[in-house]
Amino acid sequence: MTLRPLFPLSLALTVSLLAACSHDDAGKGSAPAPASVNYAAVARGRVDVEGGLLKLSMPREGVVAEIKVHEGDHVKKGQVLAMLDTKPSQLAVNAAEAEQKQAQAQGRLLEVRLKAAQQRAGRLAQAASAGAGDGQSADDARDAAQQLQGELDNARAAEAMAVQKLDAARYELAQRSLLAPVDAQVVERSIQPGAAVSPQSGPAFVLLPEGARIVRAELNESFVGAVREGMHATVVDDSGSGAPSLNAHVQRIGTVFGPSALEEDPMIRANTRTVECVLAFDQPPPASLRIGQRVIVQFGAAANASAPAKPGS
């Protein structure tokens, strides 16, 4: 038998409020009936940041030489988080720099020789034209100059390759350092100095980007048609801490159904299909609202609704 994991909460609230009204009538006679609160939909959700937490691995294999930050630190974009042993990469840079200098020196030497050869070929050609020299000497001088021109072209190509090799060596040296891609807070650090790491070792750091907080709600398939972008919603803490509710609005609604990740009952979870609904807070939430915190989202709720409703099962 397939269970209906969520049902329109307005019906549940109406039934509960009528029962409360009947109880009050029996005890107090003609007491005024409480006003009912209707919600277009109710869903479970969790607090998140756009894009989620950043899990950073070391970009290259090596031994951790130094760690620049600790858990809880706030870092800026481009700040160094950790460094691997740079000696092998620095040696490669030094070798590439030496090759580049050698290629440059070879090119300068060939330029001087080519200039002299071209001048000699020009003089011999003029002498041959005036009858003061033989044409064979002029042809040999011209061929020698052309040969030097070819050698100079090869030297310049070798110099360009040396420049590329130096750039690659410097890039590899830079990859020995892990940099913060955005302004963030260090949530977790999983490496120690002296440890051997690689990109396949798993995250070395977990960062919480300093972006706007959002809510990712799991909207049941029966409520998808009742929720629209821009709709007002109330976000209520699901821990029972008594924290004040927060106002939000629907930013976007997903287009793909998937299983619930927040439903704790395995039987209900197996029969529930949900769509992710992302909400943005109308005002910056308090610092006490943490990433991953579970909340209840009441879509279309009044801003001052006092009795938080939860998804039924």
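This one's a predicted model, so the numbers in the text were calculated from it and none came from an experiment.

Criteria and thresholds
Residues numbered from 1 in each chain as written. Predicted model: local features only at pLDDT ≥ 70, side-chain atom pairs only at ≥ 80, totals over all residues. Heavy atoms only, no water. Helix = DSSP H or I, 4+ residues; strand = E, 2+ residues; numbered from the N terminus. Buried < 20%, exposed > 50% of the residue type's maximum accessible area, 1.4 Å probe, protein only. Contact = heavy atoms within 4.5 Å. Core = buried A, V, L, I, M, F, W, Y, C linked by side-chain atoms within 4.5 Å. Pairing = 2+ DSSP bridges. Axes fitted to C-alpha atoms, helices over the stretch in contact; angles between N-to-C directions. Expected span 1.5 Å × (residues − 1). Parallel < 35°, antiparallel > 145°, perpendicular 65-115°, else oblique. Left-handed = near helix turned anticlockwise from the far one by under 90°.

**Some remarks on the overall build of the chain**
Here is step 1 of the chain: From N to C terminus, the chain includes four helices and 14 strands.
Here is step 2 of the chain: The proportion of buried residues among the 313 residues of the chain is 33%.
Here is step 3 of the chain: Across the chain, contacts joining residues at least 24 apart in sequence account for 78% of those joining residues at least 6 apart.

**Considerations on the side chain of Thr274**
Here is step 1 of the chain: Tracing the sequence through the fold places Thr274 in strand β13 (residues 273–281).
Here is step 2 of the chain: Using a relative accessible area of 8% as the deciding quantity, one classes Thr274 as buried.
Here is step 3 of the chain: Residues in contact with Thr274, not counting those within four places in the same chain, are Glu218, Leu219, Asn220, Val256, Phe257, Gly258, Pro259 and Ser260.

**Things to note about the nonpolar core**
For soluble globular proteins, the rule of thumb is that nonpolar side chains tend to be buried together.
Here is step 1 of the chain: Grouped together as the largest cluster of nonpolar side chains are 21 residues, with contacts concentrated most on Val227, Cys277, Leu279, Val297 and Phe299.
Here is step 2 of the chain: Looking at this core, the elements with two or more residues in it are β1 (41–49), β10 (213–220), β11 (232–237), β12 (246–259), β13 and β14 (294–299).
Here is step 3 of the chain: Once residues within four sequence positions are removed from consideration, Val227 is found in contact with Ala41, Leu219, Val250, Ile253, Cys277 and Phe299.
Here is step 4 of the chain: The next biggest cluster of nonpolar side chains, apart from the first, holds 18 residues, and it includes Val64, Val69, Leu84 and Ala204.

**Some remarks on the pairing of β12**
Here is step 1 of the chain: Across four bridges, the pairing between β11 and β12 is antiparallel. Across the sheet, the residue bridging to Ala233 is Ala248, located in β12.
Here is step 2 of the chain: Bridging between β12 and β13 involves eight bridges; their strand directions are antiparallel. Looking at the pairing, Gly258 lines up with Thr274 of β13.

**A few points about the sheet that holds β13**
Here is step 1 of the chain: If you walk around this closed barrel you meet the six strands as β1-β10-β13-β12-β11-β14, and the pairing is antiparallel. Strand-to-strand, the axes of this sheet are offset by a mean angle of 40°, without reference to chain direction.
Here is step 2 of the chain: Relative to β14, β11 runs antiparallel, the two sharing five bridges. Paired with Thr234 across the strands is Gln298, a residue of β14.

**Observations concerning the environment of Gln298**
Here is step 1 of the chain: With respect to the secondary-structure elements, Gln298 resides in strand β14.
Here is step 2 of the chain: When the C-alpha atoms of Gln298 and Arg44 are compared, they prove to be 9.0 Å apart, with 254 residues separating the residues in sequence.

**Focus on the environment of Leu91**
Here is step 1 of the chain: Looking at the element boundaries, Leu91 is found in helix α2 (residues 87–130).
Here is step 2 of the chain: Note: C-alpha distance between Leu91 and Ala169 (78 residues apart in sequence) is 9.0 Å.

**Focus: α2**
Here is step 1 of the chain: Along its 44 residues, α2 runs 65 Å from first to last C-alpha, staying within 8% of the 64 Å computed at 1.5 Å per residue.
Here is step 2 of the chain: Where α2 is concerned, the buried positions are Ser89, Val93, Ala96, Gln100, Ala103, Gly107, Leu110, Leu114, Ala117 and Ala121.
Here is step 3 of the chain: Looking at the packing, one finds that the buried side of α2 touches α3 (135–174).
Here is step 4 of the chain: Taken from the residues just after α2, Gly131 is the one with a positive phi, measuring 85°.

**Brief notes about the packing of α2 against α3**
The description of two helices packed together rests on the angle between their axes and the distance between the axes.
Here is step 1 of the chain: As a packed pair, α2 and α3 sit with axes 7 Å apart at the nearest point and diverge in direction by 165°. Put simply, α2 runs roughly antiparallel to α3. For α2 against α3, the interelement crossing comes out left-handed.

**What to know about the pairing of β13**
Here is step 1 of the chain: The buried fraction of β13 is high, at seven of nine residues.
Here is step 2 of the chain: Pairing between β10 and β13: seven bridges, direction antiparallel. By the bridge assignment, Ile214 is partnered in β13 with Ala280.

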